[in-house]
Amino acid sequence: MVMPMSPASRRAAALALLLLVVSVVLIALGVCIGSTGFENLLNDLLNAAKGSSERAMAEQIVWNIRLPRTMGAWAAGALLGLAGALAQGLFRNPLADPYLLGSATGAALAVALALALLGGAAGMVSGGSATTIATSVLSPSWWVRLGLTGAAFCGAIVGVLLTLALARGVQHTLRLLLAGVVVGVVLGAGTSLVLVFSPDSMQAMQAFLLGSTGFVGWAACTMMLTALPLCGAAAWSLSRALDGLSLGEATAASLGLPLVPLRAALIGILALATGAAVAQTGLIAFVGLAAPHLVRSVVRVMHGNLILLSSLTGGVLLSSADLLARWLIAPQELPVGVLTAVLGGGYLLWLMHRGGSTISGRVV
Amino acid sequence: MQALAISASAISVSIGKAPILHGVTAGFRKGRWTSIVGPNGAGKSTLLKVLAGILPCTGSVNLLGEPLPEWSRRERAQTLGWLGQNEIAAEDLGAYDIVMLGRIPHQSWLAPPSAADHAAVERALRATQSWKYRSRSLGTLSGGERQRVLLARALASEAQVLLMDEPLANLDPPHQADWLAIVRVLAAKGTTVVSVLHEISMALNADDMVIMAGGRVTYEGLCVDAATHRALEAVFDHRVAVRSVADQWIALPQ
């Protein structure tokens, strides 16, 4: 039997392998790069000749700080990349992105609300040193992280549904985009309002709202690394239905696809992926938008592969941004969300400039 | 009189407050090609969507003797194929992959495409003469090539009843003739084809004709009947005249 797509599949497999290798390299670099620049802590850790205090120090830094942060950045990027691929497929809209659809801002508002209601005032960063208390946004506690992830998930769902209600459906790109902007602004204002009423958590929340990987510990990292395969497997299992949706709703319905439960499931996965990332790293823009576009610009893929490759690309993008954020103005650190917003915004402009075709061509 | 493959009974549809169809009743015979014609806004596409079960309505649709809602979603999709007007598809997908999407009703949830799926896709691509650009992405194809790929997508489901809304859009005359040949082969094999067509001369090649105006069916008959031709001229306010040229019926603008 002729399998004409095998060259494309081979390219997809090669890209996946490349992204995996790059991911491993970035994570290794992430472990070695700190406020003092590059230092080969892995060597300290693995070299038996080193003194025990050096090794203990290296272990402390690597194990408690850099490894969870680096892996967390990768996982958050992968979740956002996955969410972006899902959103673009579900809404058949190339500008769909967790950030632009209101799901990320919804998640952020829910996190702020949860903190304010659960005594977030107690959780703060005092004098710049990260003395985290029980319910801070920076808290490493498992229960707090789980609660914040749950809140972010609910907020993400509300955000998407609000955007969809305002846009009266998904067909009109411009309307969807405008609705997403409106929801983003309103929910963002809501978040600011919550912060005004709980000024003690302001400083911690500010880092969170700017998007930062700086406070990802093992609990946060594990939360994302648990959500990632769950969301990935669920999304992948619905990938053929997403392919069918690319033919438009009428045709998808005629192919026997159950559109209502399908959309509900996809929005649920989208919200879980976005919520899991946002609850740990705050608002990180454009990774979800850029990852699927980057994949598509390299290889022609159906949704099954797109979901996988977008996740890997998202992971690579955010890991790289995290490294840059640590490196660019070391020993100071840039909030990674600021970096992705600048780079991603530029990419979006370039995408729009390169021709309406890419942006409008995939629109219903 | 052959049995009906699909029929609509007392169908009414309103979009918003605007009524589109007013109690439409029409039957489409098994193994025959029926074209639905009528002026713009007659409700032709709406009726086709109702037949496909993708537009809510009052009234009932019967598919092979069973009410449409009693069919399972999957069995209905296997039996009833659909090609929409100006159907869209992701520009960056390959033609082969798009046609494979037509096999979704035959595929189980997570299983990869079977040999039968690949064979059906190849048959559909060859029937529409689009096999040669199977590995090109849709965005790189011309309007006509693209339309043929989408037709192949509809054919790939190998459904017993095939509904097509404006399938000749973007096709040049040679490819319109090819489409005609495909439909005749399908009908000869027992497939029921229902198509909405603007090209009246092409529509006159069908076996049966349903004429619509103002959300109602005004006439049903054989395409070769003189009474059908008169009804056709009447529905277009006698701005077309049906004539026989070289053993073919054509509609001339008046």
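About the thresholds
- Residues numbered from 1 in each chain as written.
- Chains lettered and ligands numbered in written order.
- Predicted model: local features only at pLDDT ≥ 70, side-chain atom pairs only at ≥ 80, totals over all residues.
- Heavy atoms only, no water.
- Helix = DSSP H or I, 4+ residues; strand = E, 2+ residues; numbered from the N terminus.
- Buried < 20%, exposed > 50% of the residue type's maximum accessible area, 1.4 Å probe, protein only.
- Contact = heavy atoms within 4.5 Å.
- Areas by Shrake-Rupley, 256 points an atom, 1.4 Å probe, with all protein chains shown as cover.
- Buried area = accessible area lost by both parts, 1.4 Å probe.
- Salt bridge = Lys/Arg side-chain N within 4 Å of Asp/Glu carboxyl O.
- Pairing = 2+ DSSP bridges.
- Axes fitted to C-alpha atoms, helices over the stretch in contact; angles between N-to-C directions.
- Expected span 1.5 Å × (residues − 1).
- Core = buried A, V, L, I, M, F, W, Y, C linked by side-chain atoms within 4.5 Å.

Caption draft 1: Expanded view of the overall build of chain A. Scanning chain A from terminus to terminus reveals 15 helices and 2 strands. Among the 364 residues that make up chain A, the fraction classed as buried is 55%. Expressed as a percentage of contacts within chain A between residues at least 6 apart in sequence, the contacts between residues at least 24 apart total 74%. Working note: accessible area of chain A is about 14600 Å², and carbon and sulfur atoms make up 73% of it.

Caption draft 2: Expanded view of the interface of chain A and chain B. Opposite the 30 residues of chain A that make contact, chain B presents 37 residues. Interface area, chain A with chain B, both sides summed: about 2900 Å², of which 65% is carbon and sulfur. For the chain A face of the interface with chain B, the top three residues by lost area are Arg240, Leu247 and Arg300 of chain A, together amounting to 23%. Connecting chain A to chain B are 1 salt bridge. For aspartate 92 of chain B, the salt bridge identified is with arginine 296 of chain A, shortest N-O distance 3.0 Å. Listing elements by their share of the side of chain A that touches chain B, those giving two or more residues are helix 8 (218-237), helix 9 (239-245) and helix 10 (249-254) of chain A.

Caption draft 3: Just the sheet that holds strand 6 (residues 80-83) of chain B, in detail. Residue and element names in this part refer to chain B. Spatial ordering of the open sheet is given by 6-7-8-3-9-10, a layout of 6 strands whose pairing is mixed. Taken across any chain shown, the strands that pair with only one partner, and hence form the sheet edges, are strand 6 and strand 10 (216-222). Strand-to-strand twist of the sheet, defined as the mean angle between neighbouring strand axes without regard to direction, takes the value 15°. Examined bridge by bridge, strand 7 (residues 161-165) and strand 8 (residues 192-196) share 5 bridges and lie parallel to one another. Pairing of methionine 164 across the sheet is with serine 195, part of strand 8.

Caption draft 4: Looking closely at helix 12 (residues 287-298) of chain A. The end-to-end C-alpha distance of helix 12 of chain A, which contains 12 residues, comes to 17 Å, matching closely the 16 Å that a straight helix rising 1.5 Å per residue would cover. Along helix 12 of chain A, the residues classified as buried are Val287, Gly288, Leu289, Ala290, Ala291, Pro292, His293, Val295 and Arg296 of chain A.

Caption draft 5: Up close: the pattern of salt bridges. Using the criterion set out here, one finds 12 salt bridges over all chains in the structure. The salt bridge involving aspartate 208 of chain B is made with arginine 29 of chain B; its shortest N-O contact spans 2.9 Å. With aspartate 208 of chain B in strand 9 (residues 208-213) and arginine 29 of chain B in strand 2 (residues 18-29), this pair connects stretches of sequence that are 179 residues apart. Considered together, aspartate 208 of chain B and arginine 29 of chain B belong to a single accessibility category, that of buried residues. Residue glutamate 158 of chain B is joined to arginine 123 of chain B by a salt bridge in which the shortest nitrogen-to-oxygen separation is 2.9 Å. Separated by 35 residues along the polypeptide, glutamate 158 of chain B in the loop between helix 5 (143-156) and strand 7 and arginine 123 of chain B in helix 4 (residues 115-127) bring together distant segments of the chain. The partly exposed category is assigned to glutamate 158 of chain B, whose relative accessible area is 42%. On the basis of relative accessible area, arginine 123 of chain B is assigned to the partly exposed category, the value being 47%. The network of salt bridges with shared partners includes Arg69, Asp322, Arg326 and Glu333 of chain A.

Caption draft 6: Focus on the nonpolar core. Ranked by size, the top nonpolar core spans 151 residues in total, and within it Phe91 of chain A together with Trp179 of chain B carry the most contacts. The contact partners of tryptophan 179 of chain B, leaving out residues within four places of it in the chain, are Trp33, Leu151, Met164, Pro167, Leu168, Leu171, Ser195, Leu197 and Met202 of chain B. Counting residues in hydrophobic clusters, the runner-up holds 25 residues, among them Ala104, Leu109, Val144 and Ala279 of chain A.

Caption draft 7: Representation of the environment of leucine 186 of chain B in the model. Mapping leucine 186 of chain B onto the fold places it in helix 6 (residues 173-188). Contacts of leucine 186 of chain B, omitting those with residues within four sequence positions, involve Leu155, Leu162, Thr191 and Val193 of chain B.

Structural measurements only, silent on function.
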